[in-house]
Amino acid sequence: MRSLINITDLSVEEIEELIAVANDIIDNPKKYREKCRYKKIATLFYEPSTRTRLSFEAAMLELGGSVLGFSQASSSSVSKGESVADTVKTVSCYADIIAMRHPKEGAPQVAKMNAGIPVINAGDGGHNHPTQTLADLLTIYREKGRLNNFTIGFCGDLKFGRTVHSLITALSRYTGIKIVLISPEELKLPSYVKKDILQKNNIEYVQTTDLEAVMPELDILYMTRVQQERFFNEEDYLRLKDSYILTPEKLKNAKVDLCIMHPLPRVNEIAPSIDNDSRACYFKQVKNGKFMRMALILKLLEVQ
Ligand code: NCD
């Protein structure tokens with residue numbers, strides 16, 4: 001039985017297969033309408049979410065299955081002090097697969113060890129978010145036609161941004177990837193990601209605080225929100241929250257085929273006036289996320 005806790009739980013070949021299935025779902029949605037009939041997904045969300053939870057639910061519904069779960073810890077027995085282990089043992093009696101988001105790093109791993117059914121990490125603290133990465137990879141593939149040979153800039157909160165950590169991990173397995181890390185001093189990529197992922201895999205990377213200076217070399221720009229919920233004090237958050245705001249002015253020297261990404265929600269990082277720019281890809285990521293989650297559910301439930 002397979003789960004998805006870290007993006008490296010899937011091989012490069014399996015990611016390729018998921019992309020192929022997601023593309024087939026986009027082209028032939030009818031073929032998939034009944035694939036998960038009588039199957040249930042439980043979405044256990046201990047942290048706020050719009051896209052991730054609803055896209056898991058939409059994905060299962062579009063496969064003909066059904067959904068159950070909770071969208072905040074306060075409405076479950078967690079508020080009475082139940083452990084993650086006991087909660088998932090219980091949920092396994094009702095559902096076929098679990099998608100879990102939790103503020104504590106490693107909680108989905110604990111769930112996997114206790115569930116007896118496949119568990120999908122839907123974001124654990126400031127650690128990982130592998131299904132956002134699947135959405136990102138499908139978006140890059142559809143926009144650029146490849147997953148190798150490009151320069152990608154990650155901008156904003158690289159310290160706490162779990163989507164950044166997972167996507168960097170995924171990209172470190174492809175060739176010709178150059179990574180530009182753009183952040184304030186205080187929000188730099190954690191050294192464990194630099195050491196264990198970038199250096200270990202000989203990935204070329206640079207660090208800077210200046211977005212405009214590096215703009216001309218980027219093929220992809222991945223903007224992120226400063227993760228307020230991970231800060232220890234309000235003062236630091238207020239000081240750092242608007243470090244980078246992408247405006248049409250700042251895109252002046254960008255490539256004409258730049259792909260602008262953002263996992264969303266955005267707060268202030270991208271001016272809404274950019275939404276109509278053909279280079280804006282963030283709402284495409286939302287769509288692609290549902291199709292990749294459909295492909296993932298089929299794979300983990302071993303549905304042919
Ligand atoms: C991200 C997350 O939850 O990590 N959102 C998402 O799932 N698309 C990014 C964020 O919250 O900033």
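Scope of this entry: the structure provided in the associated data block. This structure is a prediction, so every number in the text was calculated from the model and none was measured.

**Structural notes on the packing of helix H1 (residues 12–27) against helix H10 (residues 282–300)**
Then, in step 1: For the pair H1 and H10, the least separation of the axes is 8 Å and the interaxial angle reads 115°. The two elements H1 and H10 meet at a crossing, and its hand is right-handed. Across from Glu14, Glu17, Leu18, Ile19, Val21, Ala22, Ile25 and Ile26 in H1, the residues of H10 making contact are Asn288, Phe291, Met292, Met294, Ala295, Leu296, Leu298 and Lys299.
Then, in step 2: Taken together, the residues of the contact of H1 with H10 break down into 12 nonpolar, 1 polar and 3 charged.

**Structural notes on the pattern of salt bridges**
Then, in step 1: In this structure the tally under the stated criterion is 21 salt bridges.
Then, in step 2: Taking the shortest distance from any N to any O, the salt bridge between Asp219 and Lys255 comes out at 2.9 Å. Here the residue Asp219 occupies a position in the loop between helix H8 (211–214) and strand S8 (220–223), and Lys255 occupies one in the loop between helix H9 (234–240) and strand S9 (259–261), the gap between them amounting to 36 residues.
Then, in step 3: Among the charged side chains, a network of salt bridges with common partners joins Arg2, Glu14, Glu17 and Lys299.

**Some remarks on the sheet that holds strand S4 (residues 119–124)**
Then, in step 1: The strand order across the open sheet formed by 4 strands is S2-S1-S3-S4, and the pairing between neighbours is parallel. Edge positions in the sheet fall to strand S2 (66–70) and S4, since each has one partner strand and no second. For this sheet, the mean inter-axis angle between neighbouring strands, taken without regard to orientation, is 15°.
Then, in step 2: Summarising the sheet, strand S3 (residues 97–102) and S4 pair through 4 bridges and their orientation is parallel. Directly across from His102, in S4, lies its bridge partner Asp124.
Then, in step 3: Where helix H2 (residues 51–62) meets the sheet, it contacts strand S1 (40–45), S2, S3 and S4, and its direction lies at approximately 175° from that of S1.

**Comments concerning the pairing of S2**
Then, in step 1: Relative to S2, S1 runs parallel, the two being bridged by 5 bridges. Pairing of Ile41 across the sheet is with Val67, part of S2.
Then, in step 2: Handedness of the crossover joining S1 and S2 through H2 is recorded here as right-handed.

Definitions and cut-offs
- Residues numbered from 1 in each chain as written.
- Predicted model: local features only at pLDDT ≥ 70, side-chain atom pairs only at ≥ 80, totals over all residues.
- Heavy atoms only, no water.
- Axes fitted to C-alpha atoms, helices over the stretch in contact; angles between N-to-C directions.
- Helix = DSSP H or I, 4+ residues; strand = E, 2+ residues; numbered from the N terminus.
- Left-handed = near helix turned anticlockwise from the far one by under 90°.
- Contact = heavy atoms within 4.5 Å.
- Nonpolar A, V, L, I, M, F, W, Y, C, P; charged D, E, K, R; others polar.
- Salt bridge = Lys/Arg side-chain N within 4 Å of Asp/Glu carboxyl O.
- Pairing = 2+ DSSP bridges.
- Right-handed = clockwise from strand over helix to strand, strands pointing away.

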